Amino acid sequence: MESESTVQPDNNDHGWQKVTYAKKNKKKNHNNNHQQLLPNSHLNGSTSNTDSVFAAIEKQSEERRKVLEAQRLAIDDDFDSEPPVRSLKKKKNYEDSDEEVVEDKVDVTDDVDATKKKVKKPKVTVAEAAAKIDADELAGFLVDVMTSYEAQEDIQLRRFADYFGRAFSSVPASQFPWVKLFRESPVAKIADNPVSHISEAVYRTSVDWINKRPMEALTSFIVWSLDSILIDLTSQLGGPKGSKKGTQKTSLKSPVGLFVVLAMVLRKKPDALITVLPTLNEALKYQGQDKLPLIVWMVTQASQGDLAVGLYLWSHLILPIVGTKSGSNPQTRDLILQSVERILSAPKAQTILVNGAVRKGVRLLPPSAFDLLLRTTFPSSSARFKATERFETVYPTLKKVALAGSPGSKAMKQVYQLIMAISLKASGEGIPELAHEASDIFIWCITQNPDCCKQWDMVYLDNLEASIVILKRLNEQWKEPSLKQSFLEALTETLKSLKRKNEKAMAEGDKSGDQALYREADKHCKVLLGRVSRGWGCAKATVFLIVAFGVGAAFLTPTTVESLDWNRLSEVINIQKFV
């Protein structure tokens, strides 16, 4: 019983027991005993060694916490609430302590506000931005611009472009990704983009104002616009290798606005692009596969204003690419063909282009361009590609444009001579289809301009194989040219001269390897001379018969004249013509 009374706890705590930690009490008693041994100076407000240790640890913990917090805020951009109050247990130097160090609450209101997501603006389409442009407001703006920059026409045009740039500044790049659009879309799709979104009233106000600008200011504006667009192109493509990114920055408020204004300028004043043509052909920065879609778009805009200007630009700026290294690229050939196909597909295109084949003394399709077109359309069998058939489709119309002109005019005589030289060379290159087409063109030249026969005589020995092809073709097509008297006279003299040259070469035995060629040429010359003499003699006889019948009819009575068989006489005359 005594043992139980000694063990039983005091009941004054109503059943509750005080929990104590022996380790803590032991440490506390140890500290008390230690303090009793210390001098009084340590008890009067001085800091103990233990306190200094905990202060250093707390300072390190606080610094570490701030670093971690800063890193967390930098990584978590979407953090939207205050960080919770954290507590970290002492480690390392105070592992045997159960006390917790509670951090002070950190005010991160400013950091949270800085990292909040920006409110997304609603996407504005090109059509929506264009619908907000008011024609009356634009007209008033243009009046102010002309007043402010009265003597500076080029500045007026740039301010005009700035107006549309501000109007489309809210349109994001995703709504008009022009680089991707021009590269991947057919020409028909990009032809009216983005100018088709402009209202009729705004468009009419704009082009009426553009029409009054001088040509010099318009050409300057076209070059400035193209340069600005190419800077934007370079920034999107990343620039050439080795160049520093960001070295050129575009000042465009909106590419959409500049494309709209440039399209309106080219449609209303397409001649301005012809003035810029030498610059585009000479400067390397305007050339290359990456710029071709943009150049095709510009030519398409000009052709919308004037179909003849469009074909002129195509033949002088785009077609020559076929003869370059990049011309072998299928995408390049496709763009070149799409451009001319759109021009030729316009209503009454052939009539317009043939009648306007010569524009201000300059041919829409010059002989040099026709030469390239001829060889591209009729290549060797091994050089044919998928686009060849498309060239064959557009070739007949382009050929008519290339050969159109006023017969007998001085300018046209020069064209005959140039095209004759081109066709003569092509006839002797050993490509059957090319030789067939080129020889036909050669014969056409000498029938239109008999002086070409003399030119042929002069270059005959240097083009023997080609001349044989032409002589053979003349024999096959004899009926058509034999009806032209001026041609018969010139051809007779030329054939006699060629025959003498053949006989001389065969007699001298010159270039024994060419003896077979001279013999073949001489054979064709003799056959043609026989036909020419018969045709020329029959032509003279026909003229004589007509004159004789005319004179005789004057002395015949009406009854006698009516009794003559005129149908029979007509048949006789026609037979004599085609002997």
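Just so it is clear, the model here is predicted, and its values are computed rather than measured.

Here we look at the overall build of the protein
Then comes step 1: What the protein contains, in helices and strands, is 27 helices and four strands.
Then comes step 2: Taking all 579 residues of the protein together, 38% fall into the buried category.
Then comes step 3: Nonlocal contacts in the protein, meaning residues at least 24 apart in sequence, comprise 76% of its contacts between residues at least 6 apart.

Describing the environment of Pro-278
Then comes step 1: In this fold, Pro-278 is placed in helix 13 (residues 271-282).
Then comes step 2: By relative accessible area, Pro-278 is classed as partly exposed at 41%.
Then comes step 3: Taking the C-alpha atoms as reference, Pro-278 lies 9.7 Å from His-316; in sequence the two are 38 residues apart.

A word on the packing of helix 13 against helix 15 (residues 307-318)
Angle between the axes and distance between the axes are the two parameters that describe a pair of packed helices.
Then comes step 1: In contact at an axis separation of 10 Å, helix 13 and helix 15 are set at 5° when each is read in the N-to-C sense. What the angle tells us is that helix 13 and helix 15 run roughly parallel. Contact residues: helix 13 offers Asp-271, Leu-273, Ile-274, Leu-277, Leu-280 and Asn-281, while helix 15 offers Val-309, Tyr-312, Leu-313, His-316 and Leu-317.

A few points about the side chain of Thr-492
Then comes step 1: With respect to the helices and strands, the residue Thr-492 is situated in helix 24 (residues 485-508).
Then comes step 2: Ignoring sequence-local partners within four residues, the contact set of Thr-492 consists of Leu-529 and Val-532.

Overview of the packing of aromatic side chains
Then comes step 1: One pass over the structure, following the stated rule, counts 15 aromatic pairs.
Then comes step 2: Ring geometry for Phe-176 against Phe-259: centres 5.7 Å apart, planes inclined by 70°, an arrangement best described as edge-to-face. One end of the pair, Phe-176, is in the loop between helix 7 (153-167) and helix 8 (178-184); the other, Phe-259, is in helix 12 (residues 255-268), with 83 residues separating them in the sequence. For the residue pair Phe-176 and Phe-259, the accessibility class agrees, reading buried in each case.
Then comes step 3: With centroids separated by 5.3 Å and ring planes inclined at 75°, the aromatic side chains of Tyr-416 and Trp-444 adopt a geometry described as edge-to-face. Residue Tyr-416 is located in helix 20 (residues 410-427), and its partner Trp-444 is located in helix 21 (residues 432-448); the two are separated by 28 residues in the primary sequence.
Then comes step 4: For Tyr-416, a relative accessible area of 2% corresponds to the buried category.

Focus on the nonpolar core
Then comes step 1: Core analysis: the largest hydrophobic core is formed by 139 residues, its most contacted members being Phe-164, Phe-168, Met-264 and Trp-314.
Then comes step 2: Ignoring sequence-local partners within four residues, the contact set of Phe-168 consists of Val-126, Ala-129, Ala-130, Ile-133, Ile-198, Ser-254, Val-256, Gly-257 and Val-260.

Notes on the pattern of salt bridges
Then comes step 1: Summed over the entire model, instances satisfying the criterion amount to 22 salt bridges.
Then comes step 2: The salt bridge involving Arg-473 is made with Glu-476; its shortest N-O contact spans 2.9 Å. Placement of the pair is Arg-473 and Glu-476 together in helix 23 (residues 464-476), with a separation of three residues, close to one helical turn.
Then comes step 3: A salt bridge links Asp-522 to Lys-526; its shortest N-O distance comes to 3.4 Å. With Asp-522 and Lys-526 both in helix 25 (residues 515-555), this residue pair falls four residues apart, about one helical turn.
Then comes step 4: The class of Asp-522 is buried, set by a relative accessible area of 7%.
Then comes step 5: Taking the relative accessible area as the measure of exposure, Lys-526 reaches 46% and is therefore partly exposed.
Then comes step 6: Through salt bridges with shared partners, a single ionic network connects Asp-271, Asp-306, Arg-359 and Lys-360.

Description of the state of the cysteines
Then comes step 1: Per the counting criterion, the structure on display carries zero disulfides.
Then comes step 2: The thiol of Cys-445 is not disulfide-bonded; the next cysteine sulfur, from Cys-452, is found 5.7 Å away.
Then comes step 3: Cys-445 sits in the buried class, given a relative accessible area of 0%.

Concerning the environment of Lys-501
Then comes step 1: One can find Lys-501 in helix 24.
Then comes step 2: Residue Lys-501 is classed as partly exposed on the basis of its relative accessible area of 25%.
Then comes step 3: Separated by 40 residues in sequence, Lys-501 and Leu-461 place their C-alpha atoms 8.2 Å apart.
Then comes step 4: In this structure Lys-501 touches Asp-457, Tyr-460 and Leu-461, once residues within four positions along its chain are discounted.

Some thoughts on unusual backbone geometry
Then comes step 1: Following Asn-193, the chain continues into Pro-194 via a peptide bond in cis, with omega recorded as 5°.
Then comes step 2: Located in the positive-phi region is Lys-348, a residue other than glycine, with phi close to 55°.
Then comes step 3: Note that Lys-348 resides in the loop between helix 16 (330-344) and helix 17 (349-355).
Then comes step 4: We classify Lys-348 as exposed; its relative accessible area is 69%.

Structural notes on the packing of helix 11 (residues 215-237) against helix 12
Then comes step 1: The contact between helix 11 and helix 12 brings their axes to 11 Å, and the two run at 145°. Considering only the axes of helix 11 and helix 12, their crossing is left-handed. Between helix 11 and helix 12, the residues in contact are Leu-218, Phe-221, Ile-222, Trp-224, Ser-225, Ser-228, Ile-229 and Asp-232 and Pro-255, Leu-258, Phe-259, Val-261, Leu-262, Val-265 and Leu-266, respectively.
Then comes step 2: Class assignment of the residues belonging to the contact of helix 11 with helix 12 gives a composition of twelve nonpolar, two polar and one charged.

Thresholds applied
- Residues numbered from 1 in each chain as written.
- Predicted model: local features only at pLDDT ≥ 70, side-chain atom pairs only at ≥ 80, totals over all residues.
- Heavy atoms only, no water.
- Helix = DSSP H or I, 4+ residues; strand = E, 2+ residues; numbered from the N terminus.
- Buried < 20%, exposed > 50% of the residue type's maximum accessible area, 1.4 Å probe, protein only.
- Contact = heavy atoms within 4.5 Å.
- Axes fitted to C-alpha atoms, helices over the stretch in contact; angles between N-to-C directions.
- Parallel < 35°, antiparallel > 145°, perpendicular 65-115°, else oblique.
- Phe/Tyr/Trp six-rings, centres within 6.5 Å; stacked < 30°, edge-to-face > 60°.
- Core = buried A, V, L, I, M, F, W, Y, C linked by side-chain atoms within 4.5 Å.
- Salt bridge = Lys/Arg side-chain N within 4 Å of Asp/Glu carboxyl O.
- Disulfide = S-S within 2.5 Å.
- Left-handed = near helix turned anticlockwise from the far one by under 90°.
- Nonpolar A, V, L, I, M, F, W, Y, C, P; charged D, E, K, R; others polar.

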